[in-house]
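Close look at the chain arrangement
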Amino acid sequence: MRLILILITVTLALATPTFAHPGVDSVVSFNAGLGHPLTGLDHITAMVAVGMWAAAKGNRALWVWPLTSLVVMLIGGALGLAHITVPLVEPGILASVIILGLMVGSAVNPPVWIGAAIIALFALLHGHAHGTELPETVNGVEFVAGFASATAVLQAIGIGLALALQRSASVPLSRASGALCVAIGAGLYAGVL
């Protein structure tokens, strides 16, 4: 039931309204940013994996890793908005899907700071990509707020999924979800997804 409520909330939030009055550009810009991360299988997969890996690690990682991801993604978005070049963005994003999937599927349990550093690197690349893809017709700050909000929801879905799998003592399903991330990354790399 909670998943249905979350999906309904996300769907309603992504609906872009049409306004007959001027001065509503901020809503459109926010909604554009909110919807943007949901158009890329790479971002969806990586951010859900961040949440799942954080939940699997537990304790401080449960909030440090998603928060690190969001903050550093915003920094990357600012770099992209400023047209500051960051090398290897697209290959790094592809690697993030595969590596984060391996972390979840293999139940890798690093110290919190190492996990945060890995996540920060990937978040910088994801944020930069979103910042450079900013549509010309939207407000940058509101767009960034929208894509950060969508990312937080994706991470929360990952956390909820991992906690539900832990509660059901379904280690094989938890590992399989990591393997699915790796398969998606491989499919993106091969150009079939």
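The coordinates are above.
Keep in mind the model is a prediction, meaning the values are calculated, not measured.

**A word on the environment of Ile118**
- The topology assignment puts Ile118 in helix α6 (residues 112-132).
- Here Ile118 falls in the partly exposed class, since its relative accessible area comes to 23%.
- Along the primary structure Ile118 and Ser96 are separated by 22 residues, whereas in three dimensions their C-alpha atoms are 9.0 Å apart.
- Each residue touching Ile118, except ones within four places of it in the same chain, is listed here: Trp53 and Met103.

**Here's the deal with the packing of helix α5 (residues 89-105) against helix α8 (residues 171-190)**
- Their axes nearest at 7 Å, the elements α5 and α8 cross at an angle of 160 degrees. Considered as vectors, α5 and α8 are oriented roughly antiparallel to each other. The chirality of how α5 crosses α8 is left-handed. Facing α5, whose interface residues are Leu94, Val97, Ile98, Gly101, Leu102, Val104 and Gly105, α8 presents Ser174, Arg175, Ser177, Gly178, Ala179, Cys181, Val182, Ile184, Gly185, Ala186, Leu188 and Tyr189.

**Focus on the packing of helix α4 (residues 61-81) against helix α7 (residues 140-167)**
- Contact geometry for α4 and α7: axes closest at 10 Å, N-to-C directions at 155 degrees. Regarding the angle of α4 to α7, the classification is roughly antiparallel. Classified by chirality, the crossing of α7 by α4 is right-handed. Here Leu62, Pro66, Ser69, Leu70, Met73, Leu74, Gly77 and Leu81 of α4 lie close against α7, whose contacting residues are Gly140, Val144, Phe147, Ala148, Thr151, Ala152, Gln155 and Ile159.
- In the contact of α4 with α7, the residues fall into 11 nonpolar, five polar and no charged.

Conventions we followed
- Residues numbered from 1 in each chain as written.
- Predicted model: local features only at pLDDT ≥ 70, side-chain atom pairs only at ≥ 80, totals over all residues.
- Heavy atoms only, no water.
- Helix = DSSP H or I, 4+ residues; strand = E, 2+ residues; numbered from the N terminus.
- Buried < 20%, exposed > 50% of the residue type's maximum accessible area, 1.4 Å probe, protein only.
- Contact = heavy atoms within 4.5 Å.
- Axes fitted to C-alpha atoms, helices over the stretch in contact; angles between N-to-C directions.
- Parallel < 35°, antiparallel > 145°, perpendicular 65-115°, else oblique.
- Left-handed = near helix turned anticlockwise from the far one by under 90°.
- Nonpolar A, V, L, I, M, F, W, Y, C, P; charged D, E, K, R; others polar.

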